[in-house]
Amino acid sequence: MTEIVRVTAPELVTYADDLASLLLETVQEGASVGFLAPLDRETAAAWWRERAAAVEAGQVGIWIARDGGRVSGTIALVRAPLPNARHRAEVAKLMVRPSARGQGLGAELLAAVESYALAEGITLLILDTETGSLAEQVYVKASWTECGTVPGYAADPAGILKPTTFYYKELAAR
């Protein structure tokens, strides 16, 4: 049974190696999540550990999906830092292990973040994803609104520039 939990900074450090494995698998599968191949385990684990300070400060929230103690997915919510933007946040780093895809876990992680955001008074979420990616299908099914595509916005793991599509979702009336 899969359990989705928001992790504390110390828990994030504890899960860093398992999250590194998830990140490595995601990059090896070709997903554009900010990293180029080849990505080594220590760099991936260090990246996760470096997020702990932002989690501790409340700037970033990270959720993990655990299946039998192993991390099978993750998602992050990055709060907007400026006073005029406290009503919005960015959804980032939605990743699901290849072996766990196609079972609705991405949608469950997204729903967990949306629910938390609304409870925190965040009424507008934004995100970006590689145009045509599998993740894009998750966002469309979850009623996110496409607001534009930028050509050559980010490189995929092979270093090839790909278009990125931006989405938003209003969680409550303003």
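Refer to the structure presented above.
The notes below deal with the structure included here.

About the cut-offs
Residues numbered from 1 in each chain as written. Predicted model: local features only at pLDDT ≥ 70, side-chain atom pairs only at ≥ 80, totals over all residues. Heavy atoms only, no water. Helix = DSSP H or I, 4+ residues; strand = E, 2+ residues; numbered from the N terminus. Rg over C-alpha atoms; globule rule 2.2 N^0.38 Å. Buried < 20%, exposed > 50% of the residue type's maximum accessible area, 1.4 Å probe, protein only. Contact = heavy atoms within 4.5 Å. Areas by Shrake-Rupley, 256 points an atom, 1.4 Å probe, with all protein chains shown as cover. Pairing = 2+ DSSP bridges. Axes fitted to C-alpha atoms, helices over the stretch in contact; angles between N-to-C directions. Polar contact = N/O pair within 3.5 Å; in protein donor to acceptor, adjacent residues only side chain to side chain.

Along the chain, the regular secondary structure elements total five helices and seven strands. Walking the chain from its N terminus toward its C terminus, one meets helices and strands in the order β-α-α-α-β-β-β-α-β-α-β-β. Relative to the globule expectation of 16 Å for 174 residues, the C-alpha radius of gyration of the chain, 15 Å, shows essentially globular dimensions. Counting only C-alpha atoms and orienting by the principal axes, one finds that the chain spans roughly 45 × 35 × 30 Å. Going through the 174 residues of the chain one by one, you find that 43% of them count as buried. Considering only contacts in the chain between residues 6 or more positions apart, those separated by 24 or more positions represent 61%. Accessible area of the chain: about 9000 Å², with a carbon and sulfur share of 53%.

Let us look at the sheet that holds strand β5 (residues 124-130). If you trace the seven strands from one edge of the open sheet to the other, you get β1-β2-β3-β4-β5-β7-β6, paired in mixed fashion. In this open sheet, the two edge strands, each paired with only one partner strand, are β1 (2-7) and β6 (145-155). For this sheet the average axis-to-axis angle between neighbouring strands, irrespective of direction, equals 25°. Strand contacts of helix α5 (residues 134-141): β4 (88-96), β5 and β7 (161-170), with the helix running at about 150° to β5, the strand carrying the most contacts.

With that settled, the discussion passes to the environment of Ala37. Along the chain, Ala37 falls in the loop between α1 (9-28) and α2 (41-50). Residues Ala37 and Ile160 lie 123 residues apart in sequence; the distance between their C-alpha atoms is 11 Å. Aside from chain neighbours lying at most four places away, what touches Ala37 is Val27 and Pro157.

Right, let's talk about the side chain of Thr165 for a bit. Among the secondary structure elements, Thr165 is positioned in strand β7. Judged by its relative accessible area of 1%, Thr165 falls in the buried class. Engagement of the side chain of Thr165 in a polar contact is seen with the side chain of Glu136, the distance being 3.4 Å. One polar contact links Thr165 to Thr149, side chain to side chain, over a distance of 3.0 Å. Other than its neighbours up to four places away in sequence, Thr165 contacts Leu127, Asp128, Thr129, Thr131, Glu136, Glu146, Gly148 and Thr149.

With seven of ten residues buried, strand β3 (residues 70-79) is to be regarded as a mostly interior element. Alignment of strand β2 (residues 60-67) against β3, held across eight bridges, turns out to be antiparallel. The partner of Trp63 across the bridge, within β3, is Ile75. As consecutive antiparallel partners, β2 and β3 are separated by two residues, and within that stretch Gly68 has a phi angle of approximately 65°, a positive value.

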